[in-house]
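Working through the structure, step by step
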Amino acid sequence: MQTRATCPYCGVGCGVLIEHDGERITGVRGDPAHPANFGRLCTKGSTLHLTARPQTRLLYPELRRTRGEPRQRVGWDEAIATAANRFAEVINTHGPDAVAFYISGQLLTEDYYVFNKAMKGLIGSNNVDTNSRLCMSSAVAAYKQTLGADAPPCAYEDFDHADCILIAGANPAYAHPVAFRRIEDARKARPHMKLIVVDPRRTDTAASADLHLAILPGTDIWLYNAMLHVLLREGLVDAAFIAAHTEGFDALRTHVDTITPAVAAGACGVAEADIVTAARWWGQSPAALSLWCQGLNQSTHGTHNGAALIALSLATGKIGKPGCGPFSLTGQPNAMGGREVGGLANLLSAHRDLANPAHREEVARLWGVDSVPATPGLTAVELFQAVREGRIKALWIACTNPAQSMPELERVREALQCCDFVVLQEAFRSTETAAFADLMLPAATWGEKEGTVTNSERRVSHVRRALPPPAEARPDWRIVCDFARALGPLIGKPHAAHMFAYDGVEAIFAEHVASTAGRDLDITGLDYALLDSAGPQQWPLTAAMRAAGEVGRGRLYADGHFPTASGRARFVVPVQASTAEQVDARYPLHLTTGRLRDQWHGMSRTGKVARLYSHVDEARIDLNPADLQAYGVHSGELLRVSSRRGELVLRAHASEEVGRGQAFVAMHWGRNVLDSGGINVLVGGDVDPFSRQPELKHSAIAIERAELPWQMLLMRVERDECAAIEQAESLVPWLERFAYASLALAGRDTAAVVMRVAHDQPIPPAWLAELDALLGLDDDCVLSFEDRRRGISKRARIENECLVGVRLAGDTVAGAWLRELMVEAQSTAELRRWLLAPLSVPPAAAAGRGRIVCNCLNVSENEIAAAIGAGADLDALQAKLGCGTSCGSCVPEIRRMLTAPVR
Ligand SMILES: Nc1nc2c(c(=O)[nH]1)N[C@H]1C(S)=C(S)[C@@H](COP(=O)(O)OP(=O)(O)OC[C@H]3O[C@@H](n4cnc5c(=O)[nH]c(N)nc54)[C@H](O)[C@@H]3O)O[C@H]1N2
Ligand SMILES: Nc1nc2c(c(=O)[nH]1)N[C@H]1C(S)=C(S)[C@@H](COP(=O)(O)OP(=O)(O)OC[C@H]3O[C@@H](n4cnc5c(=O)[nH]c(N)nc54)[C@H](O)[C@@H]3O)O[C@H]1N2
Ligand code: SF4
Ligand SMILES: [Mo]
């Protein structure tokens, strides 16, 4: 059986066909009919079915009755009653602003809608904010300041019409892969198209560009202002468009007058000529499109980063036309939906503004309440500060993992620790935030819930449910409605019963649709039936458009009219700020953070699929080889990394991708896979003044070698992936005992758990014995070798001539070889010989496969490099090895290996 849904990962919003037998999800395919992806999926989307396992899920409500005690399973009635009582107590004693919701751009629009209504319409506070504050809020503010509304004006189809694409602060080869596939196709079809990438790092996206501007972190505004300077100087602006459809240009023109390419080149650390080239390509191309994401948004001047980029589209009149426009890539699958329903502390339903009394009145009327509160609620960073200071006493978290993803992580943990009552509504059992929850509510997730999502190009899809949720998990919207109805009478609002009396999820959608009437995102022509018959639709799609047989609008502002008071788009004079935190002698390196190709955020889903570790198998800090050399550190050694807020130990990785003086760490690694709190213990919480988005991309750090001479590697093959996950979970509490430790899965058809440890001295024999017992390395079937003098010990379990478990202590250089033997279930005579000899290095013949580059076809780096060495080009590699022929996510990396084989 097949059910149409969408991928729950990124904002590309690919359609998927869920294959199932009525009881289990058995496979997933790209939906050929979905206009976002036409059947394609990336590495994450195509492994979704492997994440649909009840064993990893939160299955029942759990309640902690006394602080310090573990949570116990309770029934739903008790769970909802307890939540309602505790929230009512706080509201009745301390007022509605003493409670808050912290929710997520991964909720469906209907879930979001009821959360927002419950806080603003029922409880009477605006304290509802989301992880979109860490993600899209600068893009929202930039669109509103310039174009007048939070509406990305473009469509993916515009890639096919562009003559120049400028990707700024985004790495779509990793983060929006299927959109990047479409850009690759467009380039093939239009060989004259220019691709410019602005990113301090030489990512796979940057490496594939015609021009890579590797600017110094935080210097974007200088660059876009200097490009405008060149456009003006060379007569490449569209004076007629500026005069007819914009305002504020004179001030910006004056501002950029002194920002010559030479000035910007100095600020940005790039060649003056490259800035001129970028401006000319943009200005001379009939159609030019910009794309941006977190490299611009996650900054203390994120709003103005966006505004400076948008100004290039406005000044050249390249907006509202095919192949043109400023296109913000949405991070999460439904951050757009959350913005549409106004599910943030400073917004209201259907793009209405909290600050506007008429808007507040309209929303109150829609909801049938006297009023909605006027004071803006607290935004993410402020919200957790308020929790920490005891001003917020009850916190409801849904579909996000703040104990991993928020900046200033130690403070966030303190906040969660001291909060009187924390509810966590989660689909998976063991996220970092779960440790702090007093009440955990099991949520249905992908494949089990129905509703709608809106992707980056304003396209609304109907997400369908393939199976019922496991055990007692329930859809998010239903949990919220049950809570709201229980809470109402306790806070003197009996009409809650009526406000939240939906007979199903479509009734919520219908209410949301009604709220958009006459707004820029008017979708009064939409219902589930139309989405089912005509397919996913872009907004607006008004009732009148539907009556006239039209579909949703692909491109906005074709008429040059903008939703501002004057109908004109606005130029904004940006602040010329740098990053909030500067490097200095004590913290001399600039750290940026971001995404890996095959992992998703806190890894609650992707971290449970062994093969998704094969591209990058451990947390690491990327540093320029010259910097590593200057510190006298080799790639693979451990470093103590510290910032003004915290420190952790990470493995050094030499990478030409990062410039001198810079460093990169992926955001994914948290307390479930590392001994430390995770990368965000380093990252600060300074925010943009307009969007309140924190500067997650920029921190100053120091590094020094971590002197941890004692090393250990533990590996164990398990019966199946579920067993490997369970084994990994049993090892999580061990992580913090060591000065350094990391956990990972490995393998593909055979799944293994891998734990790497380093310590300042040998660990107590009792610990070793306990770990051996845990991993089945303690009985008579185990081969063991010990060289006390050299402090080396090896233990291995061999079953049916295959290695199934290993513990190496003292020296772990053979780890990669042994791991391959294990997960590929190869038998080898060399293994026994090696095990029983005082050798640590692997046999010379044992050339490993190396990292897996192509995850679909399981093709490794070394195999690709060997074929390249034998003269293969991309076509030959694809024909011979199959790499890059399925989802295509690895093609940028393969292309790069072809031009510079050594990485
Ligand atoms: N594989 C994968 N894909 C994802 C996600 C995931 O977790 N995993 N998450 C999704 C979500 S929620 C989001 S928000 C998106 C994020 O998508 P992206 O924003 O594309 O990804 P990031 O890696 O966070 O950051 C992009 C780039 O910004 C660069 N950068 C850092 N500082 C600066 C700067 O000062 N200026 C410029 N111009 N660039 C800078 C970084 O080097 C990095 O390469 O990805 C989505 N897609
Ligand atoms: N250093 C650094 N930090 C960052 C970033 C960065 O670039 N650098 N990026 C920031 C950005 S852009 C983002 S978007 C955030 C993301 O950060 P988070 O929001 O914390 O990331 P996720 O791990 O996706 O959290 C979503 C949670 O929802 C759960 N879940 C999944 N489906 C459902 C469901 O249907 N219902 C419910 N109730 N729960 C469900 C998942 O198990 C998961 O634990 O991280 C931010 N933090
Ligand atoms: S690009 Fe990948 S992660 Fe994003 S929606 Fe498509 S399949 Fe999912
Ligand atoms: Mo995001």
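Residues numbered from 1 in each chain as written. Chains lettered and ligands numbered in written order. Predicted model: local features only at pLDDT ≥ 70, side-chain atom pairs only at ≥ 80, totals over all residues. Heavy atoms only, no water.

Let's talk about the overall build of the chain
Inclusion rule: Going along the chain from the N terminus, every DSSP run of H or I of four or more residues is numbered as a helix, and every run of E of two or more is numbered as a strand. A simple rule labels every residue: compare its accessible area, found with a 1.4 Å probe on the protein chains alone, to the largest value its type can have, and call it buried under 20%, exposed over 50%, or partly exposed in between. What makes two residues a contact is simply this: any of their non-hydrogen atoms within 4.5 Å. All accessibility values rest on the Shrake-Rupley procedure with a 1.4 Å probe; residue burial counts only the protein chains present in the view. Asp and Glu count as negative and Lys and Arg as positive, but His and the ends of the chain are not part of the count. One atom stands in for each charge, and that atom is NZ of Lys, CZ of Arg, CG of Asp or CD of Glu.
Each helix and strand counted, the chain has 31 helices and 36 strands in total. Its C-alpha atoms give the chain principal-axis dimensions of about 80 × 65 × 55 Å. The buried share of the chain, reckoned over its 903 residues, is 64%. Across the chain, the fraction of contacts at a sequence separation of at least 24, relative to all contacts at a separation of at least 6, is 71%. Taken as a whole, the chain presents about 30,700 Å² of accessible surface, with 50% of it coming from carbon and sulfur. Put simply, the chain has 92 plus and 103 minus side-chain charges, and the middle of one group is 1 Å from the middle of the other.

Looking at the sheet that holds strand β34 (residues 802-809)
Heads up, the condition is: If DSSP finds at least two bridges between two strands, the strands pair. What counts as an axis is a line fitted to C-alpha atoms, over the stretch in contact for a helix, and the angles between N-to-C directions run from 0 to 180 degrees.
On the basis of which strands lie adjacent, the open sheet formed by six strands has the order β30-β31-β29-β34-β33-β32 and antiparallel pairing. Of all the strands in the sheet, just β30 (740-747) and β32 (782-787) have a single pairing partner and so form its edges. Pairs of neighbouring strands in the sheet enclose a mean axial angle of 15°, with direction left out of account. Pairing of strand β33 (residues 792-799) with β34 involves seven bridges; the strand directions are antiparallel. Looking across to β34, one finds that Arg-795 is bridged to Arg-807. Running at roughly 15° to strand β29 (residues 710-717), helix α26 (residues 765-774) makes contact with β29, β33 and β34 of the sheet.

A look at the packing of aromatic side chains
Formally: Only centres within 6.5 Å qualify two rings of Phe, Tyr or Trp (six-membered ring in Trp) as a pair; their planes then separate them into stacked at under 30 degrees, edge-to-face at over 60, and tilted for everything else. The rule is short: NZ of Lys or CZ of Arg within 6 Å of the ring centre and within 35 degrees of the ring normal puts a charge over the ring.
Applying the stated criterion across every chain, the model contains 20 aromatic pairs. Centre to centre, the rings of Phe-738 and Trp-767 are 5.8 Å apart; their planes meet at 75°, and the pair counts as edge-to-face. Here the residue Phe-738 occupies a position in the loop between α25 (721-735) and β30, and Trp-767 occupies one in helix α26, the gap between them amounting to 29 residues. With a relative accessible area of 22%, Trp-767 lands in the partly exposed category. Ring-pair connections join several aromatic residues into one group, and the members of that group are Phe-87, Phe-101, Phe-115, Trp-396, Phe-421 and Phe-483. Lying across the ring of Trp-539, Arg-458 places its NZ or CZ 5.7 Å from the centre. Between the NZ or CZ atom of Lys-794 and the centre of the ring of Trp-834, over which it lies, the distance is 3.9 Å.

Some points on the pattern of salt bridges
Defined as follows: Each salt bridge in this description consists of a side-chain nitrogen of Lys or Arg and a carboxyl oxygen of Asp or Glu lying within 4 Å of one another.
Taken as a whole and assessed by the stated rule, the structure comprises 60 salt bridges. Here Glu-721 and Arg-53 are joined by a salt bridge, their closest N and O atoms 2.3 Å apart. Linking Glu-721 in helix α25 with Arg-53 in the loop between β3 (25-30) and β4 (62-63), this pair joins segments that are 668 residues apart in sequence. Here the two residues Glu-721 and Arg-53 agree in accessibility, since each one is buried. A salt bridge links Arg-795 to Asp-772; the shortest N-O distance between them is 3.6 Å. Of the two residues, Arg-795 is situated in strand β33 and Asp-772 in helix α26; the sequence distance between them amounts to 23 residues. With relative accessibility at 23%, the residue Arg-795 sits in the partly exposed group.

Considerations on empty space enclosed by the protein
Where we set the bar: Grid spacing is 1 Å over the protein atoms alone, the probe is 1.4 Å, and a cavity is where that probe fits but cannot get out, while a pocket is an open set with protein on both sides within 12 Å along at least five of seven lines and lining residues have an atom within 4 Å of a point. Grid points are joined across faces, edges and corners, and a volume is the space filled by probe spheres set on the points. Side-chain classes are defined by residue name, with Ala, Val, Leu, Ile, Met, Phe, Trp, Tyr, Cys and Pro counting as nonpolar, Asp, Glu, Lys and Arg as charged, and the others, Gly among them, as polar. Either an automatic procedure or a domain database provided the assignment from which the domain bounds are taken.
Following the criterion strictly, the structure yields 10 cavities of 30 Å³ or more and no others. Lining the largest cavity are 44 residues; nearest its centre among them are Gln-106, Gln-332, Cys-399, Trp-600 and His-601. Classifying every residue of the lining of the largest cavity by side-chain character gives 19 nonpolar, 19 polar and six charged. A volume near 520 Å³ is recorded for the second largest cavity. For the lining of the second largest cavity, the secondary-structure elements that each account for two or more residues are α4 (172-175), α12 (294-297) and β23 (589-594). For the lining of the second largest cavity, the class distribution of residues is 16 nonpolar, 15 polar and seven charged. When residues are assigned to domains, the lining of the second largest cavity turns out to be shared by domain 3 (137-328) and domain 4 (589-705), each giving three or more.

Points about the pairing of strand β19 (residues 451-454)
Put simply, side chains in a regular strand alternate between the two faces of the sheet. The side-chain alternation of β19 yields two buried faces, one formed by Gly-451 and Val-453 and the other by Thr-452 and Thr-454. Both β19 and strand β20 (residues 459-463) contribute to a ladder of four bridges, which runs antiparallel. Its bridge partner being in β20, Gly-451 is matched across the sheet by Val-463. Taking the residues between adjacent antiparallel strands as the criterion, β19 and β20 are bridged by four residues, where Arg-458 takes a positive phi near 65°.

Details of the environment of Pro-694
Summarising the element assignment, Pro-694 is placed in the loop between β27 (662-666) and β28 (699-705). Linking Pro-694 and Ser-138, residues 556 residues apart in sequence, is a C-alpha distance of 9.5 Å. Dropping the residues within four chain positions of it, Pro-694 is found in contact with Arg-133, Leu-134, Gln-298, Ser-299, Val-381, Pro-407, Asp-686 and Val-687.

Quick notes on the site of ligand 3
Defined as follows: Near is defined per residue: the residue qualifies when any heavy atom it owns lies within 4 Å of the molecule or strand.
As a matter of local geometry, ligand 3 sits amid Cys-7, Tyr-9, Cys-10, Val-12, Gly-13, Cys-14, Leu-41, Cys-42, Lys-44, Gly-45, Pro-177 and Val-178. A class-by-class count of the residues in the shell around ligand 3 yields nine nonpolar, two polar and one charged.

A word on the domain arrangement of the chain
Bring the parts together and some accessible area is lost; that lost area is often taken as the interface size. The domain architecture assigned to the chain consists of domain 1 (2-52), domain 2 (62-135 + 334-546), domain 3 (137-328), domain 4 (589-705), domain 5 (710-839) and domain 6 (852-899). A straight line from the C-alpha centre of domain 2 to that of domain 6 covers 44 Å.

Let's talk about helix α7 (residues 220-233)
Operational definition: Any helix carries an expected span of 1.5 Å times its number of residues minus one.
Here α7 contains 14 residues, and its C-alpha end-to-end distance of 20 Å stays within 8% of the 20 Å for a straight helix at 1.5 Å per residue. Along α7, 11 of the 14 residues are buried, which leaves the element largely enclosed by surrounding structure. Inspection of α7 places Asp-220, Ile-221, Leu-223, Tyr-224, Asn-225, Ala-226, Met-227, Leu-228, His-229, Val-230 and Leu-231 among the buried residues, and these make up the whole buried set.

Here we look at the layout of surface pockets
If you roll a probe as big as a water molecule over the atoms, it shows you where there is empty space left. For the second largest pocket, the calculated volume is near 750 Å³. Sorting the residues of the lining of the second largest pocket by element identifies α25 and β30 as the ones contributing at least two each. In terms of residues, the lining of the second largest pocket owes the most to one element, α25, which gives six residues. Taken together, the residues of the lining of the second largest pocket break down into 15 nonpolar, eight polar and nine charged.

Focus: the side chain of Thr-579
When you line up the elements, Thr-579 lands in the loop between β22 (569-570) and β23. Of the residues examined, Thr-579 reaches a relative accessible area of 7% and is grouped as buried. Excluding residues within four positions of it along the chain, Thr-579 makes contact with Pro-217, Gly-218, Thr-300, His-301, His-590, Glu-695 and His-698.

Re the environment of Gly-594
Tracing the sequence through the fold places Gly-594 in strand β23. On the basis of relative accessibility, which here comes to 6%, the residue Gly-594 falls in the buried class. In this structure, the C-alpha to C-alpha distance between Gly-594 and Ala-36, residues 558 residues apart in sequence, is 24 Å. Those residues in contact with Gly-594, other than ones at most four positions away along the chain, are Phe-664, Val-665, Ala-666, Met-667, His-668 and Lys-697.

Structural notes on the site of ligand 2
Applicable threshold: Polar contact is the term for a pair of N or O atoms within 3.5 Å; when the atoms are in protein, one must be able to donate a hydrogen and the other to accept it, and sequence-neighboring residues count only if both atoms are side-chain atoms. To be counted as sitting in a cavity or pocket, a molecule needs more than half of its atoms within 2 Å of that site's grid points.
Among the 32 residues in the neighbourhood of ligand 2, the closest are listed as Asn-131, Ser-405, Glu-426, Ser-604 and Asn-680. The contact in question runs from a nitrogen atom of ligand 2 to an N or O atom on the side chain of Thr-445, over 2.9 Å. For ligand 2, whose unbound accessible area comes to 920 Å², protein coverage reaches 98%. The pocket occupied by ligand 2, as judged from atoms lying within 2 Å of grid points, is the largest cavity. Broken down by class, the residue content of the shell around ligand 2 amounts to 10 nonpolar, 16 polar and six charged. A domain split of the shell around ligand 2 shows at least three residues from each of domain 2 (62-135 + 334-546) and domain 4 (589-705).

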